[in-house]
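Observations on the three-dimensional arrangement
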Amino acid sequence: MIRHIKKIVKSTVFKRAIASLLALFGLSLIIFTLARIMPGDPARMALGPRAPEEIVQRYRELLHLDKPIYVQYYYWIRDLFQGKLGISLASFREVTVDIAEFLPATLELMIFTAIIQVAGTLIFGTLSGSRPGSIIDGALRVFAYVGICIPAFAWGLILQFIFSYTLGWFPATERLSPGIRVPRVTGLMTLDALINGNLNAFVDAVWHLFLPSLALALGAMAQEARILRSAMVENIGKDYVLTFMSHGLPYRTVYFKYALKPSLVSTIPVMGLDIAALIANAFMVETIYNWPGLSKFGIMAMFRKDLNGIVGVVLVAGLVYSITNIIVDVILTLVDPRIRHGGG
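Rules used in this analysis
Residues numbered from 1 in each chain as written. Predicted model: local features only at pLDDT ≥ 70, side-chain atom pairs only at ≥ 80, totals over all residues. Heavy atoms only, no water. Helix = DSSP H or I, 4+ residues; strand = E, 2+ residues; numbered from the N terminus. Buried < 20%, exposed > 50% of the residue type's maximum accessible area, 1.4 Å probe, protein only. Contact = heavy atoms within 4.5 Å. Salt bridge = Lys/Arg side-chain N within 4 Å of Asp/Glu carboxyl O. Phe/Tyr/Trp six-rings, centres within 6.5 Å; stacked < 30°, edge-to-face > 60°. Lys NZ or Arg CZ within 6 Å of the ring centre and 35° of its normal. Lys, Arg positive; Asp, Glu negative; His and termini not counted. Polar contact = N/O pair within 3.5 Å; in protein donor to acceptor, adjacent residues only side chain to side chain. Axes fitted to C-alpha atoms, helices over the stretch in contact; angles between N-to-C directions. Left-handed = near helix turned anticlockwise from the far one by under 90°. Nonpolar A, V, L, I, M, F, W, Y, C, P; charged D, E, K, R; others polar. Core = buried A, V, L, I, M, F, W, Y, C linked by side-chain atoms within 4.5 Å. 1 Å grid on protein atoms, 1.4 Å probe; cavity = no way out; pocket = protein on both sides within 12 Å on 5 of 7 lines; lining within 4 Å. Points joined across faces, edges and corners; volume = space filled by probe spheres on them. Arc of directions from axis to C-beta.

What follows concerns the overall build of the protein chain. For the protein chain, the count of helices and strands is 15 helices and 0 strands. Projected onto the principal axes, the alpha-carbon positions of the protein chain cover approximately 85 × 55 × 40 Å. Here the protein chain holds 344 residues, and the buried ones make up 45% of them. A separation of at least 24 residues holds for 70% of the contacts in the protein chain among residues at least 6 apart in sequence.

Here it is, written out as C-alpha cells:
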C-alpha cells in the first residue's frame, strides 16, 4: 500500500513538474515582452536625465536594448542557463544577487504566515462547523466577514497602531531589535539565529515576525475557515457519518477522523493558492513594517522600470506558485483516495 502511494506521489510530482516548467517558460515569454514594450527608456532612467547620450547609448548596447525583442530574449535565455537573470537597472548588480538578498525575508514571512493561517483555519473552521447556529458559530461568522473585508495592509496598520504604538507589546518595524546581530547563513533570521546558537535573537526574530504574519494571515484565514466550516456541516450530515455514529463510535472520533478529512479536500487548494499569493501580495505589509523582502523589491523594480528585476521577481513568484501547487497536489493525493485511484 505504501509503495503504491509513493509511486502515485512520484508520478504526480513528475507530471506537475513538467507542466510547471512549461508554464514558467510561457510566463517568462509574456513578462519579458510586456516589460520591454512598456513606455519609457530604461537605460535613461537608470543613468539619470543628466547622463550624456553617448553613455546612455553604450548602456543600451550593453543591455542589448538596441536589438529586437526576440534577440533580447535569446540573450536572456542564454544567460538564464548560466544561472544569470541579467543586471538590475536599479541596484546595478546581478538580479540573482538581489533575489538572494531579499527572497529569504519574504520566504520567512510566508512560512510564519502559513503556520498562523493553517492553525487558525483548522481551529476556527472545526470549532464553527461543530456547533452550527451556536453563539460561537455566529461570532466566528462575524470575525470571518470582518477578516475578509479588511485588506492585509489595513490589518497591518491596525495591528501596528494597537499592539506597537499603543500597547508597545510588539515591535513596529524591522526584523530584529537594535543591537542584535545574527551572522547571515541562510537569510532566514530565525533559522540563522538557531544555527548560531543565539536563542535571544531567535525569540526576537519571532517577536518581529508576529504582527506582519498575522496581518497577512487574517483575511485568508477567515475565508478558509468559512469554507472548512461549510464542508464540515455538509459532511457531518451524510449517511456514512451518521452510520458511524449509530454504531457507537465516539463523536470526536467521527468528527475529526471521518468528517474533517474529506472536508479538507475543498479547503487545501484554496489554502495553497492563498499562501503562494503572499509572495506577490505582501508588498504593502512589507512596506508598512519596513520588511526587506522580495515583494517590496519587486514594486521598486516596477517603479524604476528595472526590466531584469521585474522579470526575475515575476519568475520567482511563478516558481513559488508552481512548487506550492505541487505540494498541494501531493497533499490532496494523500488525503483523498479518489485522486489516488484516478477518480478525482
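Between side chains of opposite charge, a pair can form when the charged atoms approach closely. Taken as a whole and assessed by the stated rule, the structure comprises 10 salt bridges. Each of the salt bridges in this network shares a partner with another, and the network as a whole consists of R44, E53 and R60.

On to the packing of aromatic side chains, then. What the rule picks out here adds up to 13 aromatic pairs. Seen in terms of ring centroids, Y59 and F92 are 6.3 Å apart; in terms of plane orientation they differ by 55°. Their pairing is tilted. Taken together, the positions of Y59 in helix α3 (residues 53-62) and F92 in the loop between α4 (69-80) and α5 (95-130) put the pair 33 residues apart, joining distant regions of the chain. Look at Y255 and F256: their rings are 5.2 Å apart centre to centre, the planes differ by 85°, and that puts the pair in the edge-to-face class. With a relative accessible area of 3%, Y255 lands in the buried category. Members of the aromatic cluster, joined through ring pairs, are F163, W169, F170 and F210. Across from the ring centre of F32, 3.7 Å away, lies the NZ or CZ of R36, which sits over that ring.

In this section: the side chain of D192. Looking at the secondary structure, you find D192 in helix α8 (residues 189-195). Here D192 is buried and forms no salt bridge, its nearest opposite-charge partner R184 lying at an N-O distance of 6.0 Å. A distance of 2.7 Å separates polar atoms of two side chains, one belonging to D192 and the other to T186. Non-local contacts of D192, meaning those with residues more than four positions away in its chain, are made with V182, P183, R184, V185, T186 and G187.

Located in the positive-phi region is H64, a residue other than glycine, with phi close to 65°. Checked against the element boundaries, H64 lands in the loop between α3 and α4. Of note in the backbone geometry, F92 takes a positive phi value of approximately 60° without being a glycine.

So, on to the packing of helix α9 (residues 199-236) against helix α11 (residues 251-281). Two numbers describe how α9 lies on α11: the axes approach to 8 Å, and their chain directions differ by 145°. As for the relative orientation of α9 and α11, their crossing is right-handed in sense. Here the residues of the contact of α9 with α11 sort into 16 nonpolar, 5 polar and 2 charged.

Below, the discussion takes up the nonpolar core. With 52 residues, the main nonpolar core has W76, I99, L159, I279, L294, V311 and V316 as its most contacted residues. The contacts of I279, once residues within four sequence positions are left out, are L103, T106, M110, L294, S295, V316, A317 and V320. A259, L260, L332 and V335 belong to the second-largest nonpolar core, a separate cluster that totals 14 residues.

Here R60 is to be found in helix α3. Relative accessible area serves as the criterion here: at 15%, R60 is assigned to the buried category. Once residues within four sequence positions are removed from consideration, R60 is found in contact with D41, A43, E53, L65 and D66.

Sizing a probe to match a water molecule and rolling it over the atoms shows the empty space that remains. Taken as a whole and judged by the stated rule, the model has 1 cavity of 30 Å³ or more. The calculated volume of the largest cavity comes to roughly 50 Å³. What lines the largest cavity is F124, S128, L140, R141, F143, A144, A225, R226 and R229. Elements represented by at least two residues in the lining of the largest cavity include exactly α5, α6 (135-149) and α9. Of the residues that constitute the lining of the largest cavity, the class distribution is 5 nonpolar, 1 polar and 3 charged.

The subject of this paragraph is the packing of helix α13 (residues 294-303) against helix α14 (residues 307-335). Packing of α13 against α14 leaves a shortest axis separation of 8 Å and a crossing angle of 145°. Note on packing geometry: the crossing formed by α13 with α14 is left-handed. Every residue of α14 that contacts α13 at L294, F297, G298, A301 and M302 is listed here: G309, I310, V313 and V316. When its residues are assigned to classes, the contact of α13 with α14 shows 7 nonpolar, 2 polar and no charged.

This part is about α3. Of all the residues in α3, the buried ones are V56, Y59 and R60. Viewed end-on, α3 has its buried residues packed into an arc of 105°, placing them on one side of the element. Exposed side of α3, more than 90 degrees from the buried face: E54, R58 and L62 are the residues found there. The secondary structure elements touched by the buried residues of α3 are α2 (42-47). Count one or two residues on from α3 and you reach H64, which has phi positive near 65°.

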